[in-house]
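What follows is each chain in one-letter form.
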Amino acid sequence: MAQKELPRFLMRDCMLYVDRENYVGQIGDITPPVPQAKVEELRNAGMIKPREIKLGYEKFEFSFKMPGLDPSVMALFGIRVGEETPFMITGALVHEDGTVSSAVITLRGYVKQADNGTWKTGEMGENDYQVAVHYYKLEVDGEEILEVDDFDVKRRGVSEWAPIRNALLL
């Protein structure tokens, strides 16, 4: 089997940094933001079928779970308007030929939900945090893949919204 036919970029491990602190051994699971286009169906005069048109992007959010109730993370809920907390998700992507790549998702936003779950004697607790994301950047081995904020989307460092911003005289 040729090297390029072997599976690549398989997630083997991950980490979460919350407010610049690493939480190794403290995170149960992480659900990164899902980039998703905001679309509407359009069928104008003369069209024989509708088509979906892109109208921007859906809001970004992510979540993570912790088996313990960490006071530092809990205290991030309720930060004042205009403040954001930095988050960083890192992943070890391993190719079947043994090569290891690094994935880094850099985020800024705020904890919008801090669910402490059910407390029951003799059972592991689970704390579920939901984060509203205002800034997102994905890099693999240091190469910028996707960067999104409220005003632009960059793919591999190139603005996708520059023509629109130019049309708006911005």
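Predicted model, so just to flag it, every value in this text is computed and none were measured. (Residues numbered from 1 in each chain as written. Predicted model: local features only at pLDDT ≥ 70, side-chain atom pairs only at ≥ 80, totals over all residues. Heavy atoms only, no water.)

### Notes on the environment of Glu 143
Moving on, step 1. Of note, Glu 143 is situated in strand β10 (residues 143-148).
Moving on, step 2. Distance in space between the C-alpha atoms of Glu 143 and Ala 103 is 9.4 Å, their sequence separation being 40 residues.
Moving on, step 3. Discounting residues that sit within four places of it in the chain, Glu 143 has contacts with Leu 138 and Arg 156. (Helix = DSSP H or I, 4+ residues; strand = E, 2+ residues; numbered from the N terminus. Contact = heavy atoms within 4.5 Å.)

### Quick notes on the nonpolar core
Moving on, step 1. Counting 24 residues, the largest nonpolar core has Val 18, Phe 62, Phe 64, Phe 87, Leu 107 and Tyr 136 as its most contacted members.
Moving on, step 2. Every element with two or more residues in this core is listed here: β1 (10-18), β6 (60-66), β7 (85-94), β8 (100-115), β9 (127-140) and β10.
Moving on, step 3. Of all the elements, β9 adds the most residues to this core, at five residues.
Moving on, step 4. Those residues in contact with Phe 62, other than ones at most four positions away along the chain, are Leu 16, Ile 30, Thr 31, Pro 32, Pro 33, Phe 87, Ile 89, Leu 107, Tyr 129, Gln 130, Val 131 and Val 133. (Core = buried A, V, L, I, M, F, W, Y, C linked by side-chain atoms within 4.5 Å. Buried < 20%, exposed > 50% of the residue type's maximum accessible area, 1.4 Å probe, protein only.)

### A look at the pairing of β10
Moving on, step 1. Alignment of β9 against β10, held across five bridges, turns out to be antiparallel. Within β10, the position partnered with Lys 137 by the bridge is Glu 147.
Moving on, step 2. Once β9 ends, the chain turns through two residues before running back antiparallel as β10, passing Asp 141 with a positive phi of about 50°.
Moving on, step 3. Looking at chain direction, β10 and strand β11 (residues 153-155) are connected through three bridges and run antiparallel. Directly across from Leu 146, in β11, lies its bridge partner Arg 155.
Moving on, step 4. Linking two consecutive strands that pair antiparallel, namely β10 and β11, is a turn of four residues. (Pairing = 2+ DSSP bridges.)

### Things to note about the side chain of Ser 101
Moving on, step 1. Locating Ser 101 in the fold gives a position in strand β8.
Moving on, step 2. The exposure class assigned to Ser 101 is buried, which follows from its relative accessible area of 5%.
Moving on, step 3. Engagement of the side chain of Ser 101 in a polar contact is seen with the side chain of Asp 141, the distance being 3.0 Å.
Moving on, step 4. Among residues more than four places away in sequence, those in contact with Ser 101 are Phe 9, Gly 91, Ala 92, Leu 93, His 95 and Asp 141. (Polar contact = N/O pair within 3.5 Å; in protein donor to acceptor, adjacent residues only side chain to side chain.)

### Details of unusual backbone geometry
Moving on, step 1. A positive phi angle, close to 70°, is found at Arg 20, a residue other than glycine.
Moving on, step 2. With respect to the secondary-structure elements, Arg 20 resides in the loop between β1 and β2 (21-22).
Moving on, step 3. In this structure, Asp 141 takes a positive phi of about 50° despite not being glycine.
Moving on, step 4. By the secondary structure assignment, Asp 141 is in the loop between β9 and β10.

### A look at the side chain of Thr 85
Moving on, step 1. Among the secondary structure elements, Thr 85 is positioned in strand β7.
Moving on, step 2. Its relative accessible area of 3% is what places Thr 85 among the buried residues.

### Examining the pattern of salt bridges
Oppositely charged side chains can form a pair if their charged atoms are brought close together.
Moving on, step 1. All told, the structure shown has nine salt bridges when counted by the stated rule.
Moving on, step 2. Between Asp 128 and Lys 65 there is a salt bridge; the shortest N-O distance is 3.9 Å. Here Lys 65 lies in strand β6 and Asp 128 lies in strand β9, a separation of 63 residues in the sequence.
Moving on, step 3. Under the relative-accessibility criterion, Lys 65 is labelled partly exposed at 23%.
Moving on, step 4. Glu 123 is paired through a salt bridge with Lys 120; the nearest N and O atoms lie 3.6 Å apart.
Moving on, step 5. Judged by its relative accessible area of 52%, Lys 120 is exposed.
Moving on, step 6. Within this structure, Lys 65, Glu 126 and Asp 128 form a network of salt bridges that share partners. (Salt bridge = Lys/Arg side-chain N within 4 Å of Asp/Glu carboxyl O.)

### Topic: the environment of Val 104
Moving on, step 1. For Val 104, the position within the fold is in strand β8.
Moving on, step 2. When the C-alpha positions of Val 104 and Ile 30 are compared, they lie 13 Å apart, and in sequence the two are 74 residues distant.
Moving on, step 3. Once residues within four sequence positions are removed from consideration, Val 104 is found in contact with Met 88, Ile 89, Thr 90, Lys 137, Leu 138 and Glu 139.

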